[in-house]
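# Analysis of the macromolecular model
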Amino acid sequence: MSDVIMPQMGESIVEGTVTKWFKKVGDRIEKDEPLFEISTDKVDTEVPSPAAGTLTEILVPEGTTVQVNAVVARIGEAGAAVAPSALQPKAPPAPAPVAPAPAAPPAPVVEAAEEEAVEGIRSSPLVRRLAKEHNIDLRSVKGTGQGGRISKRDIEAHLAVKEEAPAAAMAPLPPTVAFPPTPGALFGRYTVEKLSVMRQRIGEHMVLTKRVSPHVSTVHQVDATQIARLRERVKAEFERQNGVKLTFLPFFLRAACAALKAFPVVNASLDGTNVIYHQDINVGIAVALDGGLIVPVIKGADEKNFLGLQRAVNDLADRARNKQLKPDEVQGGTFSISNYGSFGSLWATPAINQPQVAILGLGAIHKAPVVIDDAIAIRSLAYVTLSFDHRIIDGATGDRFVSHLRQGIEDWREEIL
Amino acid sequence: MVERSVAECVWRDLGRIEYGAALELQRELVERRKRDEIGDQLLFVEHPHVITLGRNGKREHLLGGEGIAFYETDRGGDITYHGPGQLVGYPIVDLKLWKRDVVKYLRAMEEVLIGALGEFGLEGEREAGMTGVWVRGAKVAAIGVHISRWVTSHGFALNVTTDLRYFQHIVPCGLTRPVTSMERLLGGDPGWERVRDAVARQFGRVFEREMSEVEVLCQT
């Protein structure tokens, strides 16, 4: 009986997806005959059988991702009895799902080999410990001490160079398993429906964003009374003059653009350990569609006037719903706004749209009693949320950003007719 | 068997050939490479309009494009488009004699293309987690590979003067990111042969191979 394992197709590869079995349980197979196909990133690989005999068990179904070195099948001697368990319909075996631990440590064998290779290099225990902490191969460090001895300073110099080299940030994230099989859900009476492609894309994107960006959210109460009154007063005339309805969104877009200018770190992306400050302010607006959503982008939102923003919002939303957006109209966003208030939500914690670092959520504008100067007044309120990537934006910065935006709304001065 | 140096790689430009014919030729060369009858090869081709879907591809990423040939194929990656003006390279290389590492192979192929773009003053870049070569955020070259017993097939597609409108028929590699071409980036046609020669040269540099061109007298 031989085990067939998920081969390691490269040093940095920790898992692989079985995409196709060329043989079924019970089939005869020759040694080196293609047995299954795996997929890692952009590479499909045929894996030959390690032994001749009969395929007695397939442990990993097609489409499943498992760790390198996991047993994926078993081969018995020619004519061997097929494992009865494999023939009976049962819950798929759990092939050591990978999702929770994507950054699996390298195989211990490799570590041991490197340890030995380092032996010949002259260095102190401190240096070796530093090298280990920073994952540096001492062979790649230039020693400036006597006889090429590597000092602590050499390690620091090496680290500085390494950090500058863009290649250091290039290690790709291991693939995310957005939709792991969940055999535990298959009980009782149920129907099964395939997820639409849009939902799959959204799902993958959401898993990515939750994994890459540690999100936190801050919620501020904004007094929208002044803009609500202004809107009431001018909306009929606005529509008559411009042929578009006046909504609250351009008010918040204006205020958001001003706040983004004041806090460039919110209008940024992270590329490895580099912060990319975007010079353009391109604001994505989440638009709900049947069975999903899309985020068309208002390019150069800070350069548009109030009417221009209102037109852009209406135009993009209409074309999104009619599936007429061009590909470049959903790309290049540097910040996003989700207006879930239009569905009645008071406040929510929206998810960041990668590779952005923040998203503004707008709760419903509603009338509520508010204490002002020890008197109770009825005001139009909105709760606005900023969800942000805590790797680069601190809570204080997030709150200052939202305060800036809030002031923009509460002290609205701009004429809109 | 002919004696040859490991460090040699033969390249040839097959001109414009059908995707299916190139696939057949690759399969034949892969089998011969496995039997060690031939050394490493780099084929350059230009395909007539064709849309191909990798094993991981989702057919739903095909958005239209009636009348364009369509192939489901065994390379890695999702859907892509090939067509006139695109330099397609198919290296048939035995990775056992190189690094036995498919990720390093992908990175090396990107390195080849970045080097070639550099010869034209373009700054090609990688994007973390997204194999391919990008210039200022737009994808200029796609990569998809098949490996059988460490012998490679399929390869890369570099947009030289590709009519980018054809990419509207697909979601390239499942990514909703812009695509671009050297022509668009440079504001003019850099010349197919100059680009091809640059890629061959860079391939030799990155893979440490001595590149020799073979004139194609007749196509299989």
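Conventions adopted
Residues numbered from 1 in each chain as written. Chains lettered and ligands numbered in written order. Predicted model: local features only at pLDDT ≥ 70, side-chain atom pairs only at ≥ 80, totals over all residues. Heavy atoms only, no water. Patch = residues over 30% accessible without salt bridge, like charges linked within 9 Å, V, L, I, M, F, W, Y side chains within 5 Å. Areas by Shrake-Rupley, 256 points an atom, 1.4 Å probe, with all protein chains shown as cover. Salt bridge = Lys/Arg side-chain N within 4 Å of Asp/Glu carboxyl O. Helix = DSSP H or I, 4+ residues; strand = E, 2+ residues; numbered from the N terminus. Buried < 20%, exposed > 50% of the residue type's maximum accessible area, 1.4 Å probe, protein only. Expected span 1.5 Å × (residues − 1). Pairing = 2+ DSSP bridges. Axes fitted to C-alpha atoms, helices over the stretch in contact; angles between N-to-C directions.

On to a nonpolar patch on the surface. All names here are of chain A. On the surface, a nonpolar cluster with roughly 350 Å² of combined accessible area is contributed by Leu186, Tyr190 and Val192. Mapped onto the secondary structure, Leu186 falls in the loop between helix 4 (152–164) and helix 5 (197–212). The exposed category is assigned to Leu186, whose relative accessible area is 51%.

The subject of this paragraph is helix 4 (residues 192–207) of chain B. All names here are of chain B. The end-to-end C-alpha distance of helix 4 is 22 Å, a good match for the 22 Å that 16 residues give at a rise of 1.5 Å each. Within helix 4, the full set of buried residues consists of Trp192, Val195, Arg196, Ala198, Val199, Ala200, Gln202, Phe203, Gly204, Val206 and Phe207. Residue Glu208 follows helix 4 closely and has a positive phi angle near 50°.

Charged atoms that come close allow side chains of opposite charge to pair. For the coordinates displayed, the defined rule picks out 33 salt bridges over all chains. The residue A:Asp389 makes a salt bridge to A:Arg391 at a minimum N-O spacing of 2.8 Å. A residue is classified by how much of its surface remains accessible, and A:Asp389, at 0% relative accessible area, is buried. Residue class for A:Arg391 comes out partly exposed when judged on its relative accessible area of 42%. As a salt-bridge pair, B:Glu119 and B:Arg201 come within 2.6 Å of each other at their nearest N and O atoms. You can see B:Glu119 sitting in the loop between helix 2 (102–118) and strand 7 (125–127) and its partner B:Arg201 sitting in helix 4, a full 82 residues away along the chain. For B:Glu119, a relative accessible area of 35% gives the class partly exposed. Residues joined by salt bridges that share partners form a network here, namely B:Arg107, B:Glu110, B:Glu111, B:Arg126 and B:Arg205.

Residue and element names in this part refer to chain B. Spatially, three strands are ordered 4-3-5 in an open sheet, and the strand pairing comes out mixed. Two strands in the sheet have a free side with no partner beyond their single neighbour: strand 4 (69–72) and strand 5 (79–82). Neighbour-to-neighbour, the strand axes of this sheet turn through a mean angle of 20°, independent of strand direction. Of the strand pairs in this sheet, strand 3 (residues 50–53) and strand 5 are connected by four bridges, and their pairing is antiparallel. Across the sheet, residue Leu53 finds its bridge partner in strand 5, namely Ile79.

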